[in-house]
Amino acid sequence: MAEPFRSRATGDCCSPRVDPTQGVPGDAFKSTSVGDVPAVTSVLSVADRLGRWKVRWGIGRDRYRVVPGLYALGGPDERSPVMVTANYKLSFDQLRCQLRGLDAWILVLDTNGINVWCAAGKGTFGTDELVNRIQLTELARLVTHRTLLVPQLGATGVAGYIVKQRTGFNVIFGPVRARDIKAFLEAGMKATPEMRRVTFTLSERMTVAQMDLVAAMKYFLVYLMLLGVLKLVTGSFSLRSLAYAAFPVFGALLLGALAVPALLPWIPFRSFALKGWLMGVAWAIAVSMLEHAGPAGFAGNLLLLPALSSFVALNYTGATTFTSQTGVNKEIRLFARPMAMSAILGIALLLIARP
Amino acid sequence: MHYLQNVSTLRIDAQTCIGCDICMSVCPHEVIELRAGKAVVRDLDACMECGACSTNCPVQAIHVQAGVGCAHAILRGMFYGTPPQCGCGGNPKPCC
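Residues numbered from 1 in each chain as written. Chains lettered and ligands numbered in written order. Predicted model: local features only at pLDDT ≥ 70, side-chain atom pairs only at ≥ 80, totals over all residues. Heavy atoms only, no water.

(A) Spotlight on the pairing of strand β2 (residues 32-35) of chain B. Residues and elements named next belong to chain B. Relative to strand β3 (residues 38-41), β2 runs antiparallel, the two being bridged by 4 bridges. Looking at the pairing, Leu34 lines up with Ala39 of β3. Taking the residues that link successive antiparallel strands as the turn, the β2-β3 hairpin has 2 residues, and the phi of Ala36 there is positive, at about 50°. (Pairing = 2+ DSSP bridges. Helix = DSSP H or I, 4+ residues; strand = E, 2+ residues; numbered from the N terminus.)

Right, dumping it as structure tokens:
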């Protein structure tokens, strides 16, 4: 096999972790004034789609990268637009498949495989990296215009006016979503208010909830093992009793991880901890009635289960598109201790209620 | 959707603002609007403190304690005594 990334246009010394040209028909390189640039298409292969599915479930997410540098989409020339993105392969794939029928240069920044918005928050999708990548790829020799299209969510890390000072390139912040880019270009690089607004629809909420579900299930497995050991030690082990004892906690975690994201706009309270807690209270009452629990069991459920849902729901703040750090800090300050106390008391009561 | 009331640290200095409106175009939640040629906060509770506006303000008229609104990151920061950082992977791998 030929050396896949012979071009200095990619500006990267690493061997590719993911070959973005896989499944791309025909010539995989475009000859330019700055060397051979890897060519990509707007068609996602089966491997691309499988990869997307896997990373949504957290499988290999840290290694899902493309090599930073320049890529040719379609048949771009020196007048074609330059689109900037992150080297998270999901971001790169999303961009190229939304640009079907367009000729463009894609400039991939090294964000350590993190998406544009998160990386911009960390500063890796940032002014310095963009300036550096413009210079490494000799972009100024490749195109005759001086306009870069940067996704709006990159604005947290990229200061347009500084990029202009340091490279001469004008940064135009494009729409939030790649699917609006064509309409944005057709409108003469003008964004409608809708293109600028970040949404958090049901399907978006559930897509990002998958990661929290995986995390919650990891907590559950730990709990299940502890419970199993406890039951073995006390000599009361049976699969039926294990399932019976694990079910309430399983439900509480699931409510925090799935019901809170799904019903987010409709659950009372703005605080995520309280939203989760409320769902947990409903669950604790339902479970206690199913169990025909006595007062200690009922109180134990009411103290433990809402605290668990609350914790999982609070962690979902990291997946949302509208929570602020000051706000989450306030929630932690207010609720972390009471919820931890509540959980510990609940466990103690449940141990007394059903030894 | 709105998060907690009155917590955002966003402040705009009307004296310094030149009304270029770049902050409006980078804000993901339409927090800012232009009134009489100056950027003003229209909807403080919609602000998620991402910092896009202050980063792109050419005259530093906008101040906000930008950060991640992620409980996991903040808790981990408290635990290790580091600033809150997203845990979404992203450790730089050694290069060659």
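(B) A look at the environment of A:Ser91. Residues and elements named next belong to chain A. Among the secondary structure elements, Ser91 is positioned in helix α2 (residues 89-98). Looking at Ser91, the relative accessible area reads 14%, which means it is buried. C-alpha separation for the pair Ser91 and Val108, spaced 17 residues apart in sequence, amounts to 9.9 Å. Ignoring any residue separated from it by four or fewer positions in sequence, one finds Ser91 in contact with Thr85, Ala86, Asn115 and Val116. (Buried < 20%, exposed > 50% of the residue type's maximum accessible area, 1.4 Å probe, protein only. Contact = heavy atoms within 4.5 Å.)

(C) Representation of the packing of aromatic side chains in the model. A full pass over the atoms with the stated rule returns 12 aromatic pairs over all chains. Note on A:Phe322 and B:Tyr3: the rings are 6.4 Å apart at their centroids and 85° apart in plane angle, and the pair reads as edge-to-face. A residue pair is termed interchain when its members come from two chains, as with A:Phe322 in the loop between α12 (295-315) and α13 (325-353) and B:Tyr3 in the segment before β1 (11-12). On the basis of relative accessible area, B:Tyr3 is assigned to the buried category, the value being 1%. Taken together, A:Phe200, A:Phe272, A:Tyr316, A:Phe322 and B:Tyr3 form an aromatic cluster joined through their ring pairs. (Phe/Tyr/Trp six-rings, centres within 6.5 Å; stacked < 30°, edge-to-face > 60°.)

(D) Summary view of the side chain of B:His29. Secondary-structure assignment places B:His29 in the loop between α1 (22-26) and β2. In this structure the side chain of B:His29 is engaged in a polar contact, spanning 2.7 Å, whose partner is the backbone oxygen of A:Thr321. (Polar contact = N/O pair within 3.5 Å; in protein donor to acceptor, adjacent residues only side chain to side chain.)

(E) Looking closely at the interface of chain A and chain B. Contacts between chain A and chain B engage 50 residues on the former and 46 residues on the latter. In total, chain A and chain B occlude about 4200 Å² of area from one another, counting both sides; carbon and sulfur atoms represent 59% of this. Taken as a group, A:Arg270, A:Phe322 and A:Gln325 account for 18% of the area that chain A buries against chain B, more than any other trio of residues on that side. On inspection of chain A and its partner chain B, the count reaches 2 salt bridges. A salt bridge links B:Asp45 to A:Arg270; the shortest N-O distance between them is 3.5 Å. Where chain A meets chain B, there are 20 residue pairs in polar contact (both at pLDDT 80 or more). Residue assignment for the side of chain A that touches chain B shows that the elements contributing at least two residues are α3 (116-122), α6 (160-167), α8 (193-196), α12 and α13 of chain A. With 8 residues, α13(A) is the single largest residue contributor to the side of chain A that touches chain B. Looking at the side of chain A that touches chain B residue by residue, the class counts come to 22 nonpolar, 16 polar and 12 charged. (Buried area = accessible area lost by both parts, 1.4 Å probe. Salt bridge = Lys/Arg side-chain N within 4 Å of Asp/Glu carboxyl O. Nonpolar A, V, L, I, M, F, W, Y, C, P; charged D, E, K, R; others polar.)

(F) Molecular detail of the nonpolar core. Residue and element names in this part refer to chain A. Judged by nonpolar contacts, the single largest core of 43 residues is most densely connected at Leu264, Leu305 and Tyr316. A per-element tally of this core places helix α10 (residues 239-263) first, with 9 residues. In this view, Tyr316 contacts Phe200, Arg205, Val208, Ala209, Asp212, Pro261, Leu264 and Phe272; residues no more than four positions away in its chain are not counted. Val34, Leu142, Val150 and Val198 belong to the second largest nonpolar core, which has 37 residues in total. (Core = buried A, V, L, I, M, F, W, Y, C linked by side-chain atoms within 4.5 Å.)

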